[in-house]
Each structure stands twice: as structure tokens, then as C-alpha cells.
Amino acid sequence: MIVGIDPRQQSVPALAWAVDEDVRRRLSLRLVTAVPPLPGGQHTDAPWRRTTLRAQGDDALAEAVATVRALHAEVPLTTELLDGTPSAVLCQKAARAQMTVVGSRRLTRPEELFSVGSVAVPVSAQADCPVVVVREPEHAGERHPHLVVGVDGSESSRAAVEFAVKRQRCTALPCGPCGCGGGP
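Note that this is a predicted model, so its numbers are computed, not measured.

On to the overall build of the chain, then. In terms of helices and strands, the chain carries 6 helices and 7 strands. Helices and strands appear in the chain in the N-to-C order β-α-β-α-β-α-β-α-α-β-β-α-β. The buried share among the 184 residues of the chain stands at 36%. Within the chain, contacts between residues separated by at least 24 positions form 73% of all contacts whose residues are at least 6 apart in sequence. With an accessible surface of roughly 10,800 Å², the chain has 54% of that area assigned to carbon and sulfur atoms.

Tracing the backbone through its elements, the reader meets D83 in strand β3 (residues 77-83). Along the primary structure D83 and A34 are separated by 49 residues, whereas in three dimensions their C-alpha atoms are 5.5 Å apart. Setting aside chain neighbours within four positions, we find D83 in contact with V35, R50, R54 and V89. A distance of 2.6 Å separates the side chain of D83 from the side chain of R50, its partner in a polar contact.

With respect to the helices and strands, I5 occurs in the loop between β1 (2-4) and α1 (12-25). Judged by relative accessible area, I5 falls into the buried class, the value being 9%. With near-sequence residues (within four places) excluded, I5 lies in contact with L15, L31, V32, T33, A60, L61 and A64.

Tracing the backbone through its elements, the reader meets D22 in helix α1. Here D22 occupies a buried position and makes no salt bridge, while the nearest side chain of opposite charge, R69, is found at 8.0 Å. Here S28 takes part through its backbone nitrogen, which lies 3.3 Å from a polar atom of the side chain of D22.

When the terminal C-alpha atoms of helix α2 (residues 46-71) are compared, their 37 Å separation across 26 residues agrees well with the 38 Å that a helix rising 1.5 Å per residue should span. Listing the buried residues of α2 in full gives A46, G57, A60, L61, A64, T67 and V68. Elements in contact with the buried residues of α2: α1, β2 (29-35) and β3.

With that out of the way, let us pick up the sheet that holds β2. Taken in spatial order, the 5 strands make up an open sheet running β3-β2-β1-β4-β5, and their pairing is parallel. The open sheet terminates on both sides in strands that have one partner only, identified here as β3 and β5 (131-135). Adjacent strand axes in the sheet meet at a mean angle of 25° when their direction is disregarded. Across the sheet, α2 touches β2 and β3, and the angle it forms with β3 is around 165°. Lying over the sheet, helix α3 (residues 86-94) contacts β1, β2, β3 and β4 (100-104), oriented at roughly 150° with respect to β2.

Rules of the game
For every chain, the first residue of the written sequence is number 1, and numbering continues from 1 onward in sequence order. Local features are withheld for residues below a pLDDT of 70 in this predicted model, meaning they are given only at 70 or higher, and side-chain atom pairs are given and counted only at 80 or more; totals for whole chains, interfaces and linings count all residues. Hydrogens and waters are ignored; side-chain quantities use all the structure's heavy atoms. Each helix is a run of H or I in the DSSP string that is no shorter than four residues. Each strand is a run of E no shorter than two, and both are numbered from the N terminus. Think of it in three bands: with a 1.4 Å probe and only protein chains considered, a residue is buried below 20% of the maximum accessible area for its type, exposed above 50%, and partly exposed in between. Between two residues, a contact is recorded if the distance between any of their heavy atoms is within 4.5 Å. Only the protein chains shown count as cover for residues, and all accessible areas are computed by the Shrake-Rupley method using a 1.4 Å probe. Here a polar contact is taken to be a pair of N or O atoms separated by no more than 3.5 Å, where protein atoms must pair a possible hydrogen donor with a possible acceptor and residues adjacent in sequence count only if both atoms sit in side chains. Charge assignment: positive for Lys and Arg, negative for Asp and Glu; neither His nor the chain ends contribute. When a carboxyl oxygen of Asp or Glu is within 4 Å of a side-chain nitrogen of Lys or Arg, the pair counts as a salt bridge. Here the expected length of a helix is defined as 1.5 Å per residue gap, with one fewer gap than residues. Two strands pair under a simple rule: DSSP has to find at least two bridges between them. To get an axis, fit a line to the C-alpha atoms, keeping to the stretch in contact for a helix; angles then go from 0 to 180 degrees between the N-to-C directions.

This is the structure:
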């Protein structure tokens, strides 16, 4: 199972969800952080900025490992710090994964669609495995104990529904469809 780790803001709910799923399904976790390319080409401070981004990625992975170990010490896990845009790196890793888990920073629709750091929409749309997006609670103590699955009638949509139904049976969470815009 791939878990995307954002160095700017760790998603503890996404990590907790992944650990619970890992324990239930006996998978191993692969925590992945991507170091995006520097904007605007080469600058005199580019090597320093690159080193700083990689250090932030290493720190985020170490923090994520500590969180996983605090939740369940025996979960098998590995970490990877890779170069590339986060969504592209996660989609590449998803090609060989049973599932990908990412957090949500509650971006606005334009931010989600056009931000280089956005992962939930592009990974959900392009990954070759089921993608679980775990949102942060809006209020302290609030939980979102339900599953929502995107449905558009495609073959991958059917696979997503099958995945959601299997997950729902394991957890007894309410599950409902969310219609997506169809083609012309």
C-alpha cells in the first residue's frame, strides 16, 4: 500500500486509516514523498533550495514513520524520497500497488485542479489502483465515518464500487455513490 506523505503538512488521519487497513489486510506500507522540481529553471541558490526540499522530505518521512510506529509498532513499512511532481510520482508507484492513500488539505476546487502540489484529484483520476482520500476533520472531534465512491459508468468506476463495497463490508461504514460528470 502506497501512502503519500506531504512534507508541508502531515495527514495523521490518512496515516491512521492506512495503518488500520494495513493491519486488517496484512499489507506493507510504503511511505512516499516527492521532491518537486524547482520552479523557474536554474538559479544560483538552486542547489541549496534542492537540498532544503530533500531535507524537508526526509524529516516528513521520519515524522510519518514515528506516527505509524506510535499507532502500531509491528506494521511493516518502507520509505522512499523521490524526485518529481507529487501526483506523477504517486501515480507511477500506484502502478505496482494494491492501494494508494493520500490526505486532503481541503483545497478549493481551483487549487485542487491547478496546484502543482495537489494530489487527490490527479492521483484519483490517473492511478492504476484504488485511491483512498482521507480528509482532515473540519472540527476537533468530528469524524467522517462513511465511504463515498465516485461513479461515472466506466470500467474503472465499476472497480471502484467493488472496492468500496468490500471495504464497507469489513467496517460496516455507510457507503454511497457520488456521481461524476459524464462525457458529451
